[in-house]
Every structure is written in C-alpha cells, then in structure tokens.
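Results of the structural survey
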Amino acid sequence: MLVPILKQGDYLIASIQSELSDADLLKLRDDLVRRVSEFRSHGVIVDVTVLDVMDSFATRTLRSMAHMIMLRGAETVIVGIQPEVAFSMVQLGLKLEGVNTALDLEEGLALLNEKIKGDSRRG
Amino acid sequence: MADEVCIPVSSEIDIVTARQKGREMASRLGFSNTDLVLIATAISEVVRNIVEYAKKGELCLNILQEGGKSGIVVIARDKGPGIPNIKLAMQDGYTTGHSLGLGLPGAKRLMDEFEIISEVGKGTTVTMKKWVQNNG
Ligand SMILES: Nc1ncnc2c1ncn2[C@@H]1O[C@H](COP(=O)(O)OP(=O)(O)OP(=O)(O)O)[C@@H](O)[C@H]1O
Ligand SMILES: [Mg+2]
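All of the points below concern the structure found in this document. (Residues numbered from 1 in each chain as written. Chains lettered and ligands numbered in written order. Predicted model: local features only at pLDDT ≥ 70, side-chain atom pairs only at ≥ 80, totals over all residues. Heavy atoms only, no water.)

Taken together, the 21 residues of chain A in the interface contact 24 residues of chain B. Taken together, both faces of the contact between chain A and chain B bury some 2000 Å²; the carbon and sulfur share is 54%. Here chain A is connected to chain B by 5 salt bridges. A salt bridge links Arg 19 of chain B to Asp 55 of chain A, with the shortest nitrogen-to-oxygen separation between them at 3.7 Å. The interface formed by chain A and chain B holds 14 residue pairs in polar contact (both at pLDDT 80 or more) in total. For the side of chain A that touches chain B, the secondary-structure elements that each account for two or more residues are helix H1 (22–39), helix H2 (56–71) and helix H3 (83–92) of chain A. For the side of chain A that touches chain B, the element with the highest residue contribution is H3 of chain A, accounting for 6 residues. Among the residues making up the side of chain A that touches chain B, the classes are represented as 9 nonpolar, 5 polar and 7 charged. (Contact = heavy atoms within 4.5 Å. Buried area = accessible area lost by both parts, 1.4 Å probe. Salt bridge = Lys/Arg side-chain N within 4 Å of Asp/Glu carboxyl O. Polar contact = N/O pair within 3.5 Å; in protein donor to acceptor, adjacent residues only side chain to side chain. Helix = DSSP H or I, 4+ residues; strand = E, 2+ residues; numbered from the N terminus. Nonpolar A, V, L, I, M, F, W, Y, C, P; charged D, E, K, R; others polar.)

Next up on the list: the nonpolar core. One broad trend across soluble globular proteins is that nonpolar side chains are buried collectively. With 66 residues, the main nonpolar core has Leu 32 and Val 46 of chain A together with Leu 59 and Met 128 of chain B as its most contacted residues. At 11 residues, the largest contribution of residues to this core is made by helix H2 (residues 33–54) of chain B. Not counting chain neighbours up to four residues away, the residues in contact with Leu 59 of chain B comprise Val 5, Cys 6, Ile 7, Val 9, Ala 18, Ile 43, Val 46, Val 47, Val 74, Ile 75 and Ala 76 of chain B. Formed by 8 residues, the second largest nonpolar core is a distinct cluster that contains Ile 13, Val 77, Val 79 and Ile 116 of chain A. (Core = buried A, V, L, I, M, F, W, Y, C linked by side-chain atoms within 4.5 Å. Buried < 20%, exposed > 50% of the residue type's maximum accessible area, 1.4 Å probe, protein only.)

Around ligand 1, a shell composed of 20 residues is seen, among which Asn 49, Tyr 53, Thr 95, Thr 96 and Ser 99 of chain B lie nearest. Nearby residues place ligand 1 at the junction of chains A and B. Protein chains shield 95% of the accessible area of ligand 1, which is 600 Å² for the free molecule. Those elements that place two or more of their residues in the shell around ligand 1 are H2 and helix H4 (103–110) of chain B. (Near = heavy atom within 4 Å. Areas by Shrake-Rupley, 256 points an atom, 1.4 Å probe, with all protein chains shown as cover.)

Listed below in structure tokens is the structure:
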C-alpha cells in the first residue's frame with residue numbers, strides 16, 4: 001500500500017490510508033527520510049489515524065524513522081493514535097520515547113510551528 | 001471444530017491477513033473495540049515471531065464456548081528451531097533478534113490466557129485465549 005507524501009512548505013505530511021505490512025512501513029520510513037533530505041524539510045507529520053494495530057514492529061520502525069529524520073535536523077510528529085491503540089501499546093510495553101505525538105493533524109502542525117520557530121530564534 | 005480457521009504463515013504479508021481474520025472472528029463474537037485491537041495486536045506479535053524465527057507455520061483461530069461464556073482461541077504453531085529457555089523468552093526486553101523483546105510477554109498481557117510450548121529442534125506452539133466481557 002502506497003502512502004501519499006504531501007509537501008507543504010517546509011513540512012512533509014504522510015497520511016497512512018490503510019493497514020500497512022512490515023514492508024510498507026519500511027518503505028514509508030525510507031521514502032520520508034529520503035524526501036526530508038531532498039526537500040530540506042524542517043518537519044514531518046505522520047498521520048496514523050487509520051491504523052488499528054501498532055505492534056512492536058510498527059513502533060520500532062516509527063521510532064527509528066523519527067531518529068533518522070532528527071539526524072537530518074528535522075522534527076517528526078506522529079498524529080492520530082487511536083485511544084484503543086494507545087491502550088494496547090501501553091499494555092504491550094511499547095514506548096514512543098523521543099518521538100513527538102499530537103492528537104490530530106492540526107495540533108501536529110501547531111506543534112511543529114512552535115518547535116521550529118523556537119529553533120530559529122536560537123540560531 | 002467447524003469454526004476453526006487456519007492461515008498459513010510464510011511471509012510478512014501473512015501477518016496482516018492473520019490479524020484481519022482474527023479481528024473479523026472476534027468482531028462476530030461481540031468483543032469490544034478495545035479488545036479487537038488487543039487481539040489483533042497479540043496475533044501480530046506471535047505471527048511475526050513465526051516469520052522471524054521459524055520462517056513458516058500457521059495461525060489457527062477458533063470460537064470458545066464454555067459455561068455461558070464465549071471467547072476466541074488463537075494458536076500460533078511452527079516447526080522451527082524452538083525456544084531453549086522459555087522463562088527467559090517471556091521476560092520483557094529479552095531478544096535474540098535485536099528487537100525490543102516485547103512480543104511474547106506483551107501478547108501475554110494483551111490476552112486473558114497464554115500458554116507456550118516449545119522444544120528445541122521441534123518447534124513452538126503459542127496458545128492464547130480471550131473471553132468476551134459481559135457488561136451487566
Ligand atoms: N516461534 C518462535 N520460534 C523460535 N524462537 C522464538 C519464537 N518466538 C520467539 N522466539 C524467541 O523468543 C525471543 C523473545 O520473543 P519476543 O517476541 O518476546 O521478542 P522479539 O521477537 O525478540 O522482539 P519484538 O517481538 O519485541 O520485536 C525471540 O528473540 C526469539 O529468540
Ligand atoms: Mg517478537
């Protein structure tokens with residue numbers, strides 16, 4: 001399943017459209033990391049609203065993706081984790097440590113704006 | 001056992017199929033939305049272990065009826081290398097696959113009952129059950 005990646009100014013927005021296999025998730029990670037470099041993006045939003053399973057593999061892949069993007073100097077926000085999925089992740093013992101999360105796309109964008117404005121003031 | 005459904009497992013694509021089938025059966029049994037997610041996630045973990053460590057095997061699903069209760073039983077079976085130390089494998093963070101080591105202990109927490117039988121050189125069978133909660 002292809003995940004469309006939208007470029008919006010300095011940001012990239014990936015909206016997952018259906019359940020993803022492990023291979024699809026790895027492809028999404030690689031595509032996003034590549035495009036962050038290509039477009040010199042400052043922020044990435046991954047919308048996982050439609051995912052009804054976030055198992056150890058998905059969590060590990062999203063975490064490594066956020067880390068790779070961070071090494072390119074950009075921020076990642078995961079948005080739309082469903083309440084049932086959040087509950088299951090906690091039961092399983094999964095942590096999205098070091099990864100920004102927000103309720104939805106709007107809040108994700110607000111978080112990125114905040115973070116990236118904060119960063120440019122420092123420079 | 002007319003209700004039994006088995007899904008052959010030999011590649012990562014089968015992980016998605018297995019958890020969808022599990023979700024479908026659990027949904028028919030009347031599990032809550034939260035439980036559907038927990039069951040699908042537990043299936044995902046045990047089926048991924050088959051693909052990762054045993055290469056192939058099968059996942060079987062069946063309906064449970066017991067004294068007015070209903071539930072689902074999930075059996076993940078393979079003839080892979082087996083697990084030398086089950087106690088160790090059931091610990092959070094123990095992995096031989098450079099992963100998180102959460103699949104087995106996590107799946108146990110997601111389900112109501114969990115049993116693992118494994119023999120080195122013979123294979124591994126994980127049996128998990130979850131019961132529908134009757135509210136009221
Ligand atoms: N079906 C199996 N056949 C052989 N060994 C297995 C099997 N399932 C699990 N194991 C062994 O048990 C260990 C623990 O499994 P578990 O699923 O808890 O963690 P993991 O697969 O290493 O990591 P994670 O599931 O968090 O990605 C594995 O690393 C592996 O050594
Ligand atoms: Mg595992």
